[in-house]
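As a plain string of letters, each chain reads:
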Amino acid sequence: MTTRMLKAQRGVITDEMQKIARKENLSAKFVRDEIAAGRIVILNNKRKELKNPIALGKKLRTKVNAEITCGFEDDADVKKADKLRVIQTAKADCVSDLSYIKKENEYIICENAKVSNGIYPLFQVQKNNIDDSCLKDEIFSLIEQQCNSGVDFVCLPCSINKNLLEEFFLENRLSDIVSPSVKKVVDFILNTEQENPFYEYFDELLEILFKYDVTLFLEYSFKSGSVIDNFDNIQLQELAIISKLIKKAHKKGVQVVLEGIGHTSMDKIPNLIKTINQVLSGIPLYISSCFVCDAVINHDDMVNFVGASCCANLGIAMINSTARFNYEFQYSISQIKKAIVNAQIVAHCADFALGNTSAYRQSYKVAYARKNKDYKNVIKNSIDKTIFDEH
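Within each chain, residue numbers correspond to sequence positions counted from 1 in written order. Per-residue local features of the predicted model are confined to residues with pLDDT of at least 70, and side-chain atom pairs are confined, for both listing and counting, to 80 or more; whole-chain, interface and lining totals are unaffected and use all residues. Side-chain numbers come from the whole structure's heavy atoms, not from hydrogens or water.

1. With respect to the pairing of strand β4 (residues 94-97)
Counted only if it meets this: Three labels apply to residues, based on accessible area from a 1.4 Å probe with only protein chains included: buried if under 20% of the type maximum, exposed if over 50%, partly exposed otherwise in between. Only runs of H or I of at least four residues qualify as helices and only runs of E of at least two qualify as strands under DSSP, and these elements are numbered from the N terminus. A strand pair is defined by DSSP finding two or more bridges across the two strands.
Going residue by residue along β4, you find C94 and S96 tucked away on one face and V95 and D97 tucked away on the opposite face as well. Examined bridge by bridge, β4 and strand β5 (residues 116-119) share 4 bridges and lie parallel to one another. Along β5, the bridge assignment pairs C94 with S116.

Structure follows, in structure tokens:
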């Protein structure tokens, strides 16, 4: 068995790499070399092999992710299917499943998605009352099951360990831990006095991901929950641990993306992104949330898109369209669609500013068509074409 990263390190250019190169207006050799170095990743489980997988990395188009959250309601399967349909119709590049697994044979996103997709396993089991003694086995079993079903990436907080947790409590942050996944691991460590199983058994996790060529999204566990705490010492300490885990994964041939960055004020974003790039040698960065202000209620989207704009302009790989302060919040169908379009606008503006060829061509076509009152081509090349159908 092998992976696309190991193939790239041997100098092989695959059909998949050539396809990505054509989509991104780059040379196949450049794509291969960046995959070999870990600076470009392709989200595509070899068990399923999507026809149009996405790639994340610098020099590539900024991608847009959409999350699906569903609880334990009886019609959760229908809601999942409806939300996935809207996400794919709106042409989001990627979808993350943060819903809870409550029964066997339920609607599984990765079995039905036509776009790259991933899971947050600790979200999916956190309300199933899993005993701490079974946490590692339950999660690893779930990961194996969904990798076999075709999931393209798995997001886990692997960089927490007991020593770092002690340092976190000494840091005296104003805000609490914000991620439910991280809270689950912290509770496990405190309740059992054992090590984080995803840190302790990281090699075992890599074996599963290697088998299916699934990408690991490493959650930046101690991302700040308030702009008051942003970019503190504990984040720098965690980066050092993340760097070691990434080197181990790359040696195995497993692709890695860093998922972050939490609440960060606008003035701190450039230095934080720069530091992350330097310490982690430019691996792709997915901004799942970047809230630049705490003094808001019910304007999460606005605050997140301001932060996403700042990050995207610095060349990060992917932004999230559906970030919320409250992880329990469930987007409606119309809210999902609107959020994806807003994120696509942010991504396009950043791509244009960074000199992306596709973004330039799209803007040029719209401007040229508008000048010539060719409204058919204005609509054809617009980011959101559905608004014209509605009117």
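So, next bit.
2. Here we look at the side chain of N196
Applicable threshold: Here a polar contact is recorded for every N or O atom pair within 3.5 Å, except that within protein the pair must consist of a potential hydrogen donor and a potential acceptor, and residues adjacent in sequence are included only if both atoms are side-chain atoms. The contact rule is simple, with two residues in contact once any of their heavy atoms fall within 4.5 Å.
Looking at the secondary structure, you find N196 in the loop between α9 (180-192) and α10 (197-200). Among the polar contacts made by the side chain of N196, one reaches the main-chain carbonyl oxygen of I160 at a distance of 3.0 Å. Polar side-chain contacts of N196 include one of 3.0 Å to the backbone nitrogen of F198. Those residues in contact with N196, other than ones at most four positions away along the chain, are P157, C158, I160, V185 and I189.

3. Observations concerning the packing of aromatic side chains
Quick reminder of the rule: Only centres within 6.5 Å qualify two rings of Phe, Tyr or Trp (six-membered ring in Trp) as a pair; their planes then separate them into stacked at under 30 degrees, edge-to-face at over 60, and tilted for everything else. Only when the NZ of Lys or the CZ of Arg is both within 6 Å of the ring centre and within 35 degrees of the ring normal is a charge said to sit over the ring.
Going through the model one piece at a time under the given rule, you end up with 8 aromatic pairs. Here F168 and F169 contribute two aromatic rings whose centre-to-centre distance is 5.7 Å and whose plane-to-plane angle is 65°, an arrangement assigned as edge-to-face. Given the relative accessible area of 8%, F168 is considered buried. Residue class for F169 comes out partly exposed when judged on its relative accessible area of 44%. Between F168 and F222, the ring centres sit 4.5 Å apart and the planes meet at 10°, which makes this aromatic pair stacked. One end of the pair, F168, is in helix α8 (residues 162-170); the other, F222, is in the loop between β7 (215-219) and α12 (233-252), with 54 residues separating them in the sequence. F222 shares its class with F168; the two are buried. Taken together, the ring pairs in this structure connect F352, Y360, Y364 and Y368 into an aromatic cluster. Residue placement shows K136 over the ring face of Y201; its charged tip is 4.7 Å from the ring centre. The lysine or arginine in question, K252, covers the ring of F210, its NZ or CZ lying 4.8 Å from the ring centre.

4. Overview of a nonpolar patch on the surface
To be explicit about the condition: To count toward a patch, a residue needs a relative accessible area above 30% and no salt bridge. Like charges then connect within 9 Å, nonpolar side chains (Val, Leu, Ile, Met, Phe, Trp, Tyr) within 5 Å. Under the convention used here, a 1.4 Å probe and the Shrake-Rupley method define accessible areas, while residue burial counts only the protein chains that appear. For this analysis, a salt bridge means a side-chain nitrogen from Lys or Arg found within 4 Å of a carboxyl oxygen belonging to Asp or Glu.
A cluster of nonpolar side chains, contributed by F352, Y360, Y364 and Y368, occupies part of the molecular surface with about 490 Å² of accessible area. The topology assignment puts Y368 in helix α16 (residues 357-371).

5. Considerations on the environment of M1
With respect to the helices and strands, the residue M1 is situated in the segment before α1 (4-9). Sequence separation of M1 and L354 is 353 residues, and the distance between their C-alpha atoms is 38 Å. Aside from chain neighbours lying at most four places away, what touches M1 is K46, F210 and K211.

6. Observations regarding the side chain of N117
Following the sequence through the fold, N117 ends up in strand β5. Residue classification places N117 among the buried residues on the basis of a relative accessible area of 1%. Separated by 3.1 Å, the side chain of N117 and the backbone oxygen of V115 make a polar contact. For N117, the contacting residues outside a window of four places in its chain are K48, V95, C110, G150, V151, D152 and F153.

7. Focus: the packing of α8 against α9
Keep this limit in mind: Axis angles are defined between N-to-C directions and span 0 to 180 degrees, where every axis is a line fitted to C-alpha atoms and, for a helix, only to the segment in contact. Each angle receives one of four descriptions, namely roughly parallel if under 35 degrees, roughly antiparallel if over 145, roughly perpendicular if within 65 to 115, and oblique otherwise. Under the grouping applied here, Gly and all other residues not named as nonpolar or charged are polar, the nonpolar ones being Ala, Val, Leu, Ile, Met, Phe, Trp, Tyr, Cys and Pro and the charged ones Asp, Glu, Lys and Arg.
Where α8 meets α9, the axes come as close as 11 Å, and the angle between the chain directions of the two elements is 100°. As the angle between them shows, α8 and α9 are arranged roughly perpendicular. Along the contact surface, α8 presents K162, L165 and F169, while α9 presents V186, I189 and L190. Across the contact of α8 with α9, the residue classes tally to 5 nonpolar, no polar and 1 charged.

8. Observations regarding the sheet that holds strand β9 (residues 285-289)
In spatial order, the strands read β3-β4-β5-β6-β7-β8-β9-β10; together these 8 strands close into a barrel with parallel pairing. On average, adjacent strands in this sheet sit at an angle of 25° to one another, irrespective of strand direction. Those strands touched by α12 are β7 and β8 (256-261), and its axis lies near 165° from that of β8. On top of the sheet, helix α13 (residues 269-279) reaches β8 and β9; it is set at about 160° to β8, its chief contact.

9. Observations concerning α12
Quick note on the threshold: To estimate the expected span of a helix, subtract one from its residue number and multiply by 1.5 Å.
For α12, with 20 residues, the first-to-last C-alpha span of 30 Å sits near the 28 Å given by 1.5 Å per residue. Two residues or fewer past α12, G253 is found with a positive phi of approximately 95°.

10. Let's talk about the state of the cysteines
Linking two cysteines covalently via their sulfur atoms produces the bond known as a disulfide. Condition: A pair of cysteine sulfur atoms is labelled a disulfide when the two atoms are within 2.5 Å.
Taken as a whole and assessed by the stated rule, the structure comprises 0 disulfides. You can see C310 has no disulfide; the closest cysteine sulfur is in C311, sitting 6.6 Å from it. This cysteine, C349, is not joined by any disulfide, and C310 carries the nearest cysteine sulfur, 13 Å off.

11. Considerations on the packing of helix α15 (residues 333-353) against α16
The interhelical angle for the contact between α15 and α16, taken along N-to-C directions, is 105°, at an axis separation of 7 Å. In terms of orientation, α15 and α16 fall into the roughly perpendicular class. When α15 is examined against α16, the residues H348, D351 and F352 are found in contact with a partner set consisting of A359, Y360, Q362 and S363.

12. Considerations on the pairing of β8
Selection criterion: Note on handedness: a crossover is taken as right-handed if, strands pointing away from the viewer, the path from the first strand over the helix to the second is clockwise.
Burial analysis of β8 places 6 of its 6 residues in the buried class, the great majority of the element. Handedness of the crossover joining β7 and β8 through α12 is recorded here as right-handed. In this structure, β8 lies alongside β9, joined through 4 bridges in parallel fashion. Within β9, the residue paired with L258 across the bridge is L285. Crossover handedness for the path β8 to α13 to β9: right-handed.

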